[in-house]
Amino acid sequence: MKRSVLSRSVADTLWIGQKLGEGTFPGAVLALWGGLGAGKTALTRGIAQGMGIMLPVSSPTFTLVHQMPGPRILYHMDLYRLQDAEEALMAGLAEMWDGDGVTVIEWPARAQEVIPDARLDITLEFGAEGERLVTLESRSSEYDRLVEDIYENSSH
Ligand SMILES: Nc1ncnc2c1ncn2[C@@H]1O[C@H](COP(=O)(O)OP(=O)(O)OP(=O)(O)O)[C@@H](O)[C@H]1O
Ligand SMILES: [Mg+2]
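In this text the structure is predicted, and so the values were computed from the model without any measurement.

Every one of the 16 residues lining ligand 1 counts as a neighbour, but Thr13, Gly37, Lys40, Thr41 and Ala42 are closest to it. Within the backbone of Ser9, an N or O atom sits 3.2 Å from a nitrogen atom of ligand 1. One nitrogen or oxygen atom from the side chain of Arg132 is found 3.1 Å from an oxygen atom belonging to ligand 1. Protein burial of ligand 1: of its 640 Å² of free accessible surface, 71% is covered by the chains. Among the elements of the structure, α1 (10-23) and α2 (40-50) are those that each provide at least two residues to the shell around ligand 1. Broken down by element, the shell around ligand 1 gets its largest block of residues, three residues, from α2. Within the shell around ligand 1, the residues separate by chemical class into five nonpolar, eight polar and three charged.

Spelled out as structure tokens, the structure:
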């Protein structure tokens, strides 16, 4: 299932993230696609909030992954500086996304061959000033309800 919604502001993106966070389940994997400054980290901030995590979300660019404790653990990955998929496996990332936590991946392209197929792809595209087109595509039916719920409750 694939649906696009319009975010008119950071607040809208946070809201989408919050809905995603509320709807996550053990082992959920969310891959965030989009260029520099598209809003991937902003969306992750909302996801953390929706999961009941009170810690601030920052960019893990230099650490590959921030592990955030909460009712359910959130692995916030940023693979911008990753060399290749092999490095992702060497760093033990597979143990994280194969586990019971929730994994959010910024810059997933570098690890495309190894990230789980059963995931929710989220693409952020630049629109007019302050706007982003957010496309949610479930690669596994377990995400369909979440996609539908966000679509039905937002502008499109
Ligand atoms: N509708 C919107 N949704 C999200 N961010 C927006 C929106 N409009 C403007 N912005 C701005 O875009 C920037 C998004 O930054 P953010 O760090 O989330 O991007 P990113 O995709 O994580 O970038 P990077 O690839 O560098 O990690 C912020 O400065 C934010 O204020
Ligand atoms: Mg970021």
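So, next bit.
For the magnesium ion (ligand 2), the full set of protein donor atoms is Thr41 (OG1) and Glu106 (OE), and the range of their distances to it is 2.0 to 2.2 Å. A residue pair is termed long-range when its members are at least 10 positions apart, and Thr41 in helix α2 and Glu106 in strand β5 (residues 102-106) qualify at 65 residues. Of the two residues, Thr41 and Glu106, both sit in the buried class.

Here we take up α1. Spanning 14 residues, α1 covers 20 Å between terminal C-alpha atoms, matching the ideal 20 Å at 1.5 Å per step. The complete set of buried residues in α1 reads Thr13, Ile16, Gly17, Lys19, Leu20 and Gly21. Looking at the buried side of α1, the elements it contacts are β1 (2-7), β2 (29-33), α2, β6 (120-126), β7 (132-138) and α5 (144-152).

When strand β3 (residues 65-68) meets strand β4 (residues 74-78), the two strands line up antiparallel, connected through four bridges. For His66, the partnering residue across the bridge sits in β4 and is His76. Once β3 ends, the chain turns through five residues before running back antiparallel as β4.

Glancing now at the nonpolar core. Formed by 42 residues in total, the largest nonpolar core has its most connected members in Leu20, Leu30, Met77 and Ile122. The contact partners of Leu30, leaving out residues within four places of it in the chain, are Leu20, Thr24, Ile47, Thr103, Val104, Ile105, Leu120, Ile122 and Tyr143.

The final tally for this structure, using the stated rule, is four salt bridges. Note that Lys19 and Asp149 form a salt bridge whose closest N and O atoms lie 3.5 Å from each other. Taken together, the positions of Lys19 in helix α1 and Asp149 in helix α5 put the pair 130 residues apart, joining distant regions of the chain. Between Asp121 and Arg139 there is a salt bridge, with the nearest N and O atoms lying 2.6 Å from each other. Of the two residues, Asp121 is situated in strand β6 and Arg139 in the loop between β7 and α5; the sequence distance between them amounts to 18 residues. Taking the relative accessible area as the measure of exposure, Asp121 reaches 6% and is therefore buried.

About the cut-offs
- Residues numbered from 1 in each chain as written.
- Chains lettered and ligands numbered in written order.
- Predicted model: local features only at pLDDT ≥ 70, side-chain atom pairs only at ≥ 80, totals over all residues.
- Heavy atoms only, no water.
- Near = heavy atom within 4 Å.
- Polar contact = N/O pair within 3.5 Å; in protein donor to acceptor, adjacent residues only side chain to side chain.
- Areas by Shrake-Rupley, 256 points an atom, 1.4 Å probe, with all protein chains shown as cover.
- Helix = DSSP H or I, 4+ residues; strand = E, 2+ residues; numbered from the N terminus.
- Nonpolar A, V, L, I, M, F, W, Y, C, P; charged D, E, K, R; others polar.
- Donors = N, O, S within 2.8 Å, 3.2 Å for Na, K, Ca; no water.
- Buried < 20%, exposed > 50% of the residue type's maximum accessible area, 1.4 Å probe, protein only.
- Expected span 1.5 Å × (residues − 1).
- Contact = heavy atoms within 4.5 Å.
- Pairing = 2+ DSSP bridges.
- Core = buried A, V, L, I, M, F, W, Y, C linked by side-chain atoms within 4.5 Å.
- Salt bridge = Lys/Arg side-chain N within 4 Å of Asp/Glu carboxyl O.

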